[in-house]
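Commentary on secondary and tertiary structure
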Amino acid sequence: MQINLTPDWSLVAIMAIFTANYFIVRRFFFKPINDLLLERERDVRSAAAVHEEAMSRFHEATSEMEARVQESRRKAAAIREGHRAEAAKVRNHLLEQTRGEAEGSIAAAESELKSSVSTARERIVREADQLARLAAEKILGRTVA
């Protein structure tokens, strides 16, 4: 058995078919897939860029809103303190007014009480004299002058 190493025309045909097959597969299979992968990679990168930009704007807006909230809280605290101070002034004024009215009422009541006590004492003295006379008349059995 002898091996024949001389190329025949089938090798050339196989090489031509392989080359034609390579160009056809490259043109209609690899190129569209590569183009699709490149487009997808561009889309992913642009989506990542859009996401980063959106996150940056979100963080800026969040920081701005937090600053506004802090400022609003400061203003609210100042307004609250102003209202508290005003309320304290009104409360103190009402307390002073009420104290004045109470002291006036107490003074009037003391004056009225003193006059009632004075009137009651005079009445007690008169009635005591009358009772003493009546008792003396009953005991003595005659009219006392």
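So, here's what we can say about the structure. Because the structure is a prediction, the values reported are computed rather than measured.

Quick look at the pattern of salt bridges now. Under the definition given, this model contains 8 salt bridges. The shortest N-O distance in the salt bridge between R68 and E64 comes to 2.7 Å. Here R68 and its partner E64 are both found in helix α1 (residues 9–140), 4 residues apart, which amounts to about one turn of the helix. On the basis of relative accessible area, R68 is assigned to the partly exposed category, the value being 49%.

Moving on, we come to the packing of aromatic side chains. What the rule picks out here adds up to 2 aromatic pairs. Centre to centre, the rings of Y22 and F23 are 5.4 Å apart; their planes meet at 65 degrees, and the pair counts as edge-to-face. If you follow R27 out to its NZ or CZ, it ends over the ring of F28, 5.9 Å from the centre.

Here the focus is the environment of A87. With respect to the helices and strands, the residue A87 is situated in helix α1. As a C-alpha pair, A87 and A76 span 11 residues in sequence and 16 Å in three-dimensional space.

Let's shift gears to a nonpolar patch on the surface. A contiguous nonpolar surface patch, about 370 Å² in accessible area, is contributed by F29, F30, I33 and L37. For I33, the location among the structural elements is in helix α1.

Definitions and cut-offs
- Residues numbered from 1 in each chain as written.
- Predicted model: local features only at pLDDT ≥ 70, side-chain atom pairs only at ≥ 80, totals over all residues.
- Heavy atoms only, no water.
- Salt bridge = Lys/Arg side-chain N within 4 Å of Asp/Glu carboxyl O.
- Helix = DSSP H or I, 4+ residues; strand = E, 2+ residues; numbered from the N terminus.
- Buried < 20%, exposed > 50% of the residue type's maximum accessible area, 1.4 Å probe, protein only.
- Phe/Tyr/Trp six-rings, centres within 6.5 Å; stacked < 30°, edge-to-face > 60°.
- Lys NZ or Arg CZ within 6 Å of the ring centre and 35° of its normal.
- Patch = residues over 30% accessible without salt bridge, like charges linked within 9 Å, V, L, I, M, F, W, Y side chains within 5 Å.
- Areas by Shrake-Rupley, 256 points an atom, 1.4 Å probe, with all protein chains shown as cover.

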